[in-house]
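Residue-level listing of the chains:
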Protein chains: 4
Amino acid sequence: MSHNSFGHLFRVTSWGESHGPAIGGVVDGCPPGLRLSEADIQPFLDRRRPGQSRFTTQRREPDQVRILSGVFEGRTTGTPISLLIENADQRSKDYGDIADRYRPGHADWAYEAKYGLRDPRGGGRSSARETAVRVAAGAVARLVLGETVRIRGALVRIGRHAIDEARWNWDEVDRNPFFCPDPGTVPVWEDYLDGVRKAGSSVGAVIALEATGVPPGLGAPLYGKLDADLAGALMGINAVKAVEIGAGFEAATLTGEDNADPMRMRDGAVRFESNHAGGILGGISTGQPVLARFAVKPTSSILTPVPSVTRDGAEIEVATRGRHDPCVGIRAVPVGEAMLACVLADHLLRHRGQNGGRRDRQAGA
Amino acid sequence: MSHNSFGHLFRVTSWGESHGPAIGGVVDGCPPGLRLSEADIQPFLDRRRPGQSRFTTQRREPDQVRILSGVFEGRTTGTPISLLIENADQRSKDYGDIADRYRPGHADWAYEAKYGLRDPRGGGRSSARETAVRVAAGAVARLVLGETVRIRGALVRIGRHAIDEARWNWDEVDRNPFFCPDPGTVPVWEDYLDGVRKAGSSVGAVIALEATGVPPGLGAPLYGKLDADLAGALMGINAVKAVEIGAGFEAATLTGEDNADPMRMRDGAVRFESNHAGGILGGISTGQPVLARFAVKPTSSILTPVPSVTRDGAEIEVATRGRHDPCVGIRAVPVGEAMLACVLADHLLRHRGQNGGRRDRQAGA
Amino acid sequence: MSHNSFGHLFRVTSWGESHGPAIGGVVDGCPPGLRLSEADIQPFLDRRRPGQSRFTTQRREPDQVRILSGVFEGRTTGTPISLLIENADQRSKDYGDIADRYRPGHADWAYEAKYGLRDPRGGGRSSARETAVRVAAGAVARLVLGETVRIRGALVRIGRHAIDEARWNWDEVDRNPFFCPDPGTVPVWEDYLDGVRKAGSSVGAVIALEATGVPPGLGAPLYGKLDADLAGALMGINAVKAVEIGAGFEAATLTGEDNADPMRMRDGAVRFESNHAGGILGGISTGQPVLARFAVKPTSSILTPVPSVTRDGAEIEVATRGRHDPCVGIRAVPVGEAMLACVLADHLLRHRGQNGGRRDRQAGA
Amino acid sequence: MSHNSFGHLFRVTSWGESHGPAIGGVVDGCPPGLRLSEADIQPFLDRRRPGQSRFTTQRREPDQVRILSGVFEGRTTGTPISLLIENADQRSKDYGDIADRYRPGHADWAYEAKYGLRDPRGGGRSSARETAVRVAAGAVARLVLGETVRIRGALVRIGRHAIDEARWNWDEVDRNPFFCPDPGTVPVWEDYLDGVRKAGSSVGAVIALEATGVPPGLGAPLYGKLDADLAGALMGINAVKAVEIGAGFEAATLTGEDNADPMRMRDGAVRFESNHAGGILGGISTGQPVLARFAVKPTSSILTPVPSVTRDGAEIEVATRGRHDPCVGIRAVPVGEAMLACVLADHLLRHRGQNGGRRDRQAGA
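For every chain, the first residue of its written sequence is number 1, and the numbers climb from 1 along that sequence. Chains carry letters from A onward and ligands carry numbers from 1 onward, assigned in written order. In keeping with the predicted nature of the model, local features appear solely for residues at pLDDT of at least 70, side-chain atom pairs appear and are counted solely at 80 or more, and the whole-chain, interface and lining totals rest on all residues. Only heavy atoms go into the side-chain values, all of them from the structure, while hydrogens and water stay out.

**Student:** I would appreciate a short explanation of the sheet that holds strand S11 (residues 240–245) of chain B in the present structure.
**Tutor:** The pairing of strands in a sheet comes from backbone hydrogen bonds and takes either a parallel or an antiparallel form. Each pair of strands is called paired provided DSSP finds at least two bridges between the two strands. Helix numbers and strand numbers start at the N terminus; a helix is a DSSP run of H or I with at least 4 residues, a strand a run of E with at least 2. What the 10 strands build is an open sheet, ordered S9(A)-S8(A)-S10(A)-S16(A)-S11(A)-S11(B)-S16(B)-S10(B)-S8(B)-S9(B); its pairing is antiparallel. This sheet does not close on itself; its edge strands, each paired only once, are strand S9 (161–162) of chain A together with strand S9 (161–162) of chain B. Looking at chain direction, strand S11 (residues 240–245) of chain A and S11(B) are connected through three bridges and run antiparallel. Paired with A:Glu244 across the bridge in S11(B) is B:Ala242. Working rule for contacts: check all heavy atoms of both residues, and any pair within 4.5 Å makes them a contact. In this analysis, axes come from line fits to C-alpha atoms, helices being fitted only over the stretch in contact, and the angle between any two N-to-C directions falls in the range 0 to 180 degrees. Packed onto the sheet, helix H5 (residues 226–235) of chain A meets strand S10 (205–212), S11 and strand S16 (290–296) of chain A together with S11 of chain B and runs at close to 155° relative to S11(A).

**Student:** Where do I start with the packing of aromatic side chains in this structure?
**Tutor:** All names here are of chain D. Only centres within 6.5 Å qualify two rings of Phe, Tyr or Trp (six-membered ring in Trp) as a pair; their planes then separate them into stacked at under 30 degrees, edge-to-face at over 60, and tilted for everything else. A full pass over the atoms with the stated rule returns 30 aromatic pairs over all chains. Between Tyr102 and Trp109 the ring centres are 5.6 Å apart and the planes differ by 80°, which places this aromatic pair in the edge-to-face class. A simple rule labels every residue: compare its accessible area, found with a 1.4 Å probe on the protein chains alone, to the largest value its type can have, and call it buried under 20%, exposed over 50%, or partly exposed in between. A relative accessible area of 9% means that Trp109 is categorised as buried. Ring plane angle 65° and centroid distance 5.9 Å describe the contact between Tyr111 and Tyr115, whose orientation is recorded as edge-to-face. With Tyr111 and Tyr115 both in helix H2 (residues 108–115) and four residues apart, this pair spans about one turn of that helix.

**Student:** Hey, could you run me through the interface of chain C and chain D in this one?
**Tutor:** Across the contact, 110 residues belong to chain C and 110 residues belong to chain D. The term buried area refers to how much accessible surface (probe radius 1.4 Å) is lost by two components on association, counted for both of them together. Here chain C and chain D share an interface that buries about 8,800 Å² over both sides, 61% of which is from carbon and sulfur atoms. On the chain C side of the interface with chain D, the three residues burying the most area are C:Trp109, C:Lys114 and C:Tyr223, jointly 10% of the side's total. The salt bridge definition used is simple: a Lys or Arg side-chain nitrogen within 4 Å of an Asp or Glu carboxyl oxygen. Here chain C and chain D share four salt bridges between them.

**Student:** Just to check I follow, could you spell out the relation of the copies chain B and chain A for this structure?
**Tutor:** Each of the two chain copies can be brought onto the other by rotation about an axis and movement along it. The superposition of copies rests on a least-squares fit of C-alpha positions from residues with pLDDT of 70 or more in both. Between chain B and chain A, which share one sequence, the superposing operator has a rotation angle of 180° and an axial displacement of 0.0 Å; the RMSD is 0.0 Å. On this basis, the relationship between the two copies can be described by a two-fold rotation axis. Distance from the rotation axis, computed per C-alpha, reaches its smallest value in chain B at B:Gly232: 2.2 Å. Most of the interface of chain B is mirrored in chain A: 100% of its interface residues are interface residues there too.

**Student:** Looking at this structure, I do not really get the relation of the copies chain C and chain D. What am I missing?
**Tutor:** After a rotation of 180° and a shift along the axis of 0.0 Å, chain C superposes on chain D with an RMSD of 0.0 Å. Mapped onto chain D, 100% of the interface residues of chain C again fall at the interface, so both copies present the same surface.

**Student:** Before we go on, may I ask you to explain the UniProt feature "binding site: FMN" (unreviewed entry) in chain A in this structure?
**Tutor:** When the UniProt feature table is mapped onto this chain, "binding site: FMN" (unreviewed entry) is found at A:Arg125, A:Ser126, A:Ser127, A:Asn238, A:Ala239, A:Gly282, A:Lys297, A:Pro298, A:Thr299, A:Ser300, A:Ser301 and A:Arg323. With respect to the element layout, A:Ser127 can be found in the loop between helix H2 (108–115) and helix H3 (131–145). When residues no more than four places from it in sequence are discounted, the contact partners of A:Ser127 are A:Ser18, A:Gly122 and A:Asn238. Relative to the elements of secondary structure, A:Pro298 occurs in the loop between S16 and strand S17 (306–309). For A:Pro298, a relative accessible area of 1% corresponds to the buried category. Every residue in contact with A:Pro298, bar those within four places of it in the chain, is listed here: A:Ser202, A:Val203, A:Gly204, B:Ala251, B:Leu254, B:Thr255, B:Gly256 and B:Asn259. UniProt positions are given in the numbering used here, feature names are shortened, and annotations may be inferred rather than shown by experiment.

**Student:** Can you walk me through the UniProt feature "binding site: NADP(+)" (unreviewed entry) in chain A in this structure?
**Tutor:** Residues and elements named next belong to chain A. Feature annotation in UniProt assigns "binding site: NADP(+)" (unreviewed entry) to the following positions: Arg48 and Arg54. For Arg48, the position within the fold is in helix H1 (residues 38–48). According to the relative accessible area criterion, Arg48 is buried, its value standing at 1%. Setting aside chain neighbours within four positions, we find Arg48 in contact with Asp63, Ala128, Arg129, Thr131, Ala132, Val135, Arg331, Pro334 and Val335. In this fold, Arg54 is placed in the loop between H1 and strand S4 (65–67). Each residue touching Arg54, except ones within four places of it in the same chain, is listed here: Asp194 and Arg197.

**Student:** I'm lost on unusual backbone geometry in this one. Help?
**Tutor:** Along the chain, A:Pro221 connects to A:Leu222 via a cis peptide bond; the corresponding omega equals -5°. Position of A:Leu222 among the secondary structure elements: in the loop between S10 and H5. In this structure, D:Ala239 is a non-glycine residue whose phi angle is positive, near 75°. Mapped onto the elements of the fold, D:Ala239 is located in the loop between helix H5 (226–235) and strand S11 (240–245). Residue class for D:Ala239 comes out partly exposed when judged on its relative accessible area of 23%. Unusually for a residue other than glycine, D:Asp267 sits at a positive phi of about 55°. Checked against the element boundaries, D:Asp267 lands in the loop between strand S12 (263–266) and strand S13 (269–272).

**Student:** I would appreciate a short explanation of the pattern of salt bridges in the present structure.
**Tutor:** Close approach of charged atoms lets side chains of opposite charge pair. All told, the structure shown has 104 salt bridges over all chains when counted by the stated rule. As a salt-bridge pair, C:Glu130 and C:Arg134 come within 2.9 Å of each other at their nearest N and O atoms. Take C:Glu130 and C:Arg134: they sit in the same class, and that class is buried. Here D:Glu112 makes a salt bridge to D:Arg118, at a shortest N to O gap of 2.8 Å. Pair check on accessibility: D:Glu112 and D:Arg118 agree, each one buried. Residues joined in a network through salt bridges with shared partners are A:Asp100, A:Arg103, A:Asp108, A:Glu112, A:Arg118 and A:Arg311.

**Student:** I tried to follow the interface of chain B and chain A on my own but got confused; where do I start?
**Tutor:** Interfaces are often sized by the amount of accessible area the parts lose when they come together. If you look at the interface, chain B gives 110 residues, while chain A gives 110 residues. Summed over both partners, the interface of chain B with chain A buries about 8,800 Å², with 61% contributed by carbon and sulfur atoms. Summed over the shared surface of chain B and chain A, the number is four salt bridges. We note a salt bridge from B:Arg264 to A:Glu317, for which the minimum N-O separation is 4.0 Å. Polar contacts, as used here, are pairs of N or O atoms within 3.5 Å; protein pairs need one atom able to donate a hydrogen and one able to accept it. Residues neighboring in sequence count only if both atoms are side-chain atoms. Viewed at the interface, chain A and chain B are joined by 57 residue pairs in polar contact (both at pLDDT 80 or more). Of all the elements, helix H2 (residues 108–115) of chain B adds the most residues to the side of chain B that touches chain A, at seven residues.

**Student:** I tried to follow the sheet that holds strand S2 (residues 11–16) of chain A on my own but got confused; where do I start?
**Tutor:** Residue and element names in this part refer to chain A. Taken together, the five strands give an open sheet; going across it, the order is S1-S2-S3-S7-S4, and neighbouring strands pair in antiparallel fashion. Either end of the sheet is taken by a strand with one partner, and the two such strands are strand S1 (5–6) and S4. Pairing geometry for S1 and S2, over two bridges, is antiparallel. Residue pairing for S2: Phe6 is matched across the bridge by Val12. Taken strand by strand, H1 contacts S4 and strand S7 (81–86), and its axis lies near 155° from that of S4.

Below, the structure is given as C-alpha cells:
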C-alpha cells in the first residue's frame, strides 16, 4: 500500500511539490530490454507542458526529464527507472498570502484537515504540476504495450460547448491548442475561452480516450477489473469528477436490446458489431477498442472573490491572481492518455503473470 | 496484489461462483472489540436478496450468512472474519446450453479469452450473486465507521424515467421495491418495469449514494485518493459503466464561479454553503456529505435473440431464458452502499495509521 | 496490505481459530487450467495431521479439506480457490482456566496487548492448527510449479541431537515419524522424545528444505528478493526463531575463497560446483537447488509450572495440561515445504509478469 | 506489489545503480509534522560511508543526501519524501572487462538469467551502494518512532573471531572502526582483517541488533508478523544469509523449561525475566527489547582467481581487482539498524491503523 503509488506490476511512485526543487517518479517493474531514452518521454511532456498557447497557464517550465536509473546503454534493465523534472519557474514568493487562508474548491482545507499543516506554495503536492510525472510514466508504459496498442485522447467538451461527434477526425487533434478532434468547434472554443480567460474565470471540460489493439484478456474479476482500475486512475487525476466506460451514463437509459453488442465472425476471429461495452466485459478486455471519458471541473482559481475562511476562523473573500489555466481540461488530455497507458501496461504484465503459461493457446483466441 | 481483494487496512477477499456450493469472503483488518454477530449483517443481505418483488430475479436464496472466525463472545478479535453464504437454488442443470456459446454483453467471451476456460453455471464468478459478499462486508464496515457515519443509497433513474429530485424523501426509500426516494415516481416505474419484464427485456438505472458524518481528512494524495478509490470500487460492481462524485459530468459544463463551494464559519466550525465537490477535495474528505452516483447498464440477459458466436466459431442467435433481473440496478443500491462503507472504513483506518499521532489536534479542526 | 495474506500474484489469505467451527483459506491468482481436486491436497494435509504417532499432539482431526470455489470440471478456472477444513475436536470447554492468565512463551499476552482481547480457546488464531491452511495452499502451489520443481523437507535436529548429515537419504524421510533423513538417528530421537514427552516437557528442532528444478531468474532486486521473501515466510511459521539460506550462519565464519561457488560449463549449460549460496544470488534464483533451514523453538506448553501473571496483575505459576506436541518441529516439516512452494509459485508468476515477453531467450540461458 | 519497495504504511521505494548519476529513494507515508532536515539523516549516512578506515572500500563518496520533497519549513507534510544521493566516484571505465563474464558469488549471472541483460558498472543495482538509501530511510523511520525507541547495532563476529559477550559495552561501539561492543576484541580484528585485506581476501561477519522502548502490540498474525517482516528485511540486505530472532538457532537445542521467559509484575507492569523470545511472541511485540542477529557472507570480490564462465560459455578464472570491502559486514551494522527502524515504524503505523480507536485502553496495558 502506498498513498503515492499506482499499479501493481507496472508500478509508478510519484513525489514532489509544485514549488519544490523538482518533481519526479520511480517506475518499477518495467520489463527489461526495451529501448528507452529521454527522447522517448520528452514529446509527451511537451504536449502537456504549460505556456504553449494563451489558453493554458503562463508558468514557464521546460519540463526536461532526466532518467537517473534503470537504463543501460539505451535499454531498460528491469530495475527501477527514476525520472526527475526540475521546477524552473517556482515564484514561491507569492505564497505568503494564501498560507493562512483556504482557497475554496482547492485542497487547502482538506490537506490541513488531514495533516494539520500543508505546503502552500503553488498548491504544494495538490498542484496539477504533478501530472507531468504521470505523463512521463505513461510514455514508458506505451513502450511496454508496444506499437500494436495505440492510445489517443481528445477534448470533446468545454463548458457548454460540445463538439459535433459526427465530424470526429483524429488527425485534427494535434493541429489545434485544444486537442479537439472537430475542426469546426475550434473557433467556437477560441472565442469562448478568450472570454473566460479575460474575465478571470474558468470552465470545465470532457475528455475522451481510446485504446486500440488492446489484447483480449486484460483485467481480472472481481477486484482487479480493468474498468475499475481505469476508473480509479482517471478519477485520481486532479479536478476529475466523473468517469465513463463505453456507453457510460447513457447505458442507464437503454434497454438490453439497445445496449447489446452483437458478435459475429470475420476472417476467423470474433468481431463485435458495436461497442457499448467500451471494450470491457466482466472487467476483462475483449479486444475491442477500450473507450473511456472523464469530466474535469473548472479550476477553482478565479478572479471573482468567493467566500472563504482563514485558519483562525475569520470569514474572508478569496480571489486568485496569478498564472492559471482557464480550462485545466485541455492539458488533462495527455494526462488521461498516460493513465490509460499505465493501467493497460500494468494489466498486461499481470495477465502474463497469472496466464503466461498458456499464451500460445490464447494467441489463437 | 490480489485479483479478488479490495481495500488495504480494511481488506475484503471474496470467493465463490454462482452455482458452486457457497460464496463467501474474508474481512481482514477489522478493529478488535466491535460487537458483531450474524444479526448485524443479515438485514443488509435481506435488502439485496433476490425474489422480494416481481421486479427482481426469482431465484430463491435465503442468503443466510455464517461467521466462521474472527469473533469471540460477540466481539471482533482483530483476526480475519470469514463469512460464508451457501448457495441454495443453483439449478445448474441448465447450464449445458451456454457452455459452448458466448452470451453477448456477458463476461463469457472475456473470461474465456483470459483463462482459456470458464465455469458457465449461472455465469460462474461473474454472476451478480457475488455482490452478496460485498454487502456482508459492507455491514462490517459500517460497524467500523460507527454510528456517526450514515450511509444511504437510492435509485434515481430507471431507463428513461428519472425521479423528480425536488420530491426527494429518504424515508420513502425502504417503502417501495425500488429504493426510490420519490413516491410519485414509484407507480411510473411499476408500470414501466412490468412492461419490460413481460417483454423479457431489461433496462438500466442510476443509483445515488450519500455518506454523512464522514470525518474530514480521509483519503490521501495522490494515488490513495478517496474519490479515486470510490470510483474504482463502484465501477467494479457488476454492470456499472459510469461513476460521478458530486457535480460529476455537470461540472464540465460549469464555470468556476458556478462550481465554487463557498466556505463560512458556523458555531466555530467551517461550513460549506454548497457541495459541488461531493465532500471530497484533493482526494481528501472535507467533512461535507460524500456524494456519488453510478450507472448500471441493462442486464444482457434478454429474450430477444442477439447475434453471437460459439466457441467453435459458428454464428448463432442467443436468447436468455431463466431467472433474471429486469433491472439489476435495483439490487445495486445496497451493493453501492456497501462499497461506499468499505472504502470509507479502509480510509478511516489508513488515516489513523499515518495520522494517528495527531488526532487530538485534528479533532479541533 | 493484509495481516493474514501472503504472496502477491499467487496469494493466500488465511482465516480461522483453533476452536472455531472451521479454518480455511483463499488462494487467489492460481493459473487456470490446472487439474485440481481435494485428492491433490489431502495427502499433504495427512502428512501434517496430528495424532499420527505418539510424538505429536493427540488432538484427533481428520483435516478433510473441501474446495468451495475456483474449480470447474476438475480444472482451476483462474478464480479464487476457497479451501475449508472443519474443526472436529475442539474441546473448547477447557479454555476457561486460561482466559484470564497469560501462558508464558505463548502469544496470549502479546495478542491482548495488541487487541485488548483475545480468543483463548486453544490459542485461538495463534494455534499451530492454522498451519493446515498453509499446507493446503502449498499443495496448490506445487501444481503451479509443475513436476520439474521438487520440494522436500527433513528434520535434521531435535534438541541437542542432530543427524549425521553424511548418512542423508531422502528416501528415509517418510519411513519414520520424524521426517528424519538419517535412519541411524531415528532410534536416538525415539528414546529422547519419549523421555521429553513423559516428563511433560518439550524440545526444539531444525528443519532443512530443498527445492530442485527451480528455474533461474525467480526473485527480484531489491525488495522482492527470493531469499528475503522465503526468510519472511519461514520466520512467519509458528514458533520459528531463525532462518538460513545456503551456508547460513556458517558463511560468517568463512573467507571469500572458501565460500565461493565456482562456475563451469557442462553440456552447454552453466553448472555451479558448490552451493554455499543456497541457489540464490542477488535475491534471484540461479538454477541450483534452493536450500534453506529454520529453527523451531520448544513449545511453551509444558507441565513444569512457569511464573506468569493474570490479567488482573496477580503473580501465578502456569503449567499447561492437555494435548500438545512434545516437539512441534516435527510437524513443521510439511509446513516449511508448503511455504517454500508458495513463495516459489508466487515468484514464478511474478517473473512471468515482468519478464514474460522474453521467456524464449531465457529458456536458452 | 513492487520489486523495489518495502513497508506498507511507512513505505520506501529505492532506485539507482552503483555507477549511475545518483541513487535515491522515496519515503511515503511518513506522518506529518515531524521536524526533518538533511541534518537528521546525514549522521547515519556518515556512519555507513565508505573509506572511513582501511577496513572498508576506498571508494570516495561524500554521500550527501538532499531532500527534494515532502518537507516544508522544516517539517514533514505527510507527502512523499524524495531523497537523492549523487554518485561522485563512479570510475565506470573499469567495467568493460566484467561485462561479458560472471563474477562467481555475485549477482551477475542471476540478473542476466532474469533480465537477459544487466548493468555491469560496479555491480549496477546489486551493489551494496544501494544500502545508503536504506540508511537514509532508516533515519526518517527513527523520527517516526520517536525518542523512546532506541535502535542500536554491533558487530559480534568477523570470520572465526567472535567477541566475548560478557564484555559487551554499547558505549564502545562508536569508538572503533568495527562497531565492536567489546574493546578486547578490537585489536584481534585489526590484525586479522589487515591480513585478510593484504591477501586480497574477504571474510564474513555477524551483526546483532537491539531495539528498546518498542511498545507492545506491534505486528500482526499471521502474515504480518513483526518477526517475519524483520527477517525478510534483514535477509534482503546484500550478502545476508541468515537471520535469528531472540535465541534463534539455539532455541532448537533447548527444552521448553530452558527457553521459557517467566513473567512477573513490577511497579504495576508486566516484566519478563528473560528474553529468549527476542521481544516478539506470536509475531507481536511484547514490550521487551527486540533482538535480532544476521550473518553476512564474505564478499565474493577477492584477488584469488575463481573458476567462472563468460556469456559465450567459455570457462575462465575471475579475480576481482579494485576497491572492495574486506568485510562488508562492518558497514552492514548501520544498514541493519536502518532496516529494523523501518520495519518498526511501518508496524507502528499499521498498529495505529487497525487499533487506533483503542489506544487509550492499551496505554494502560
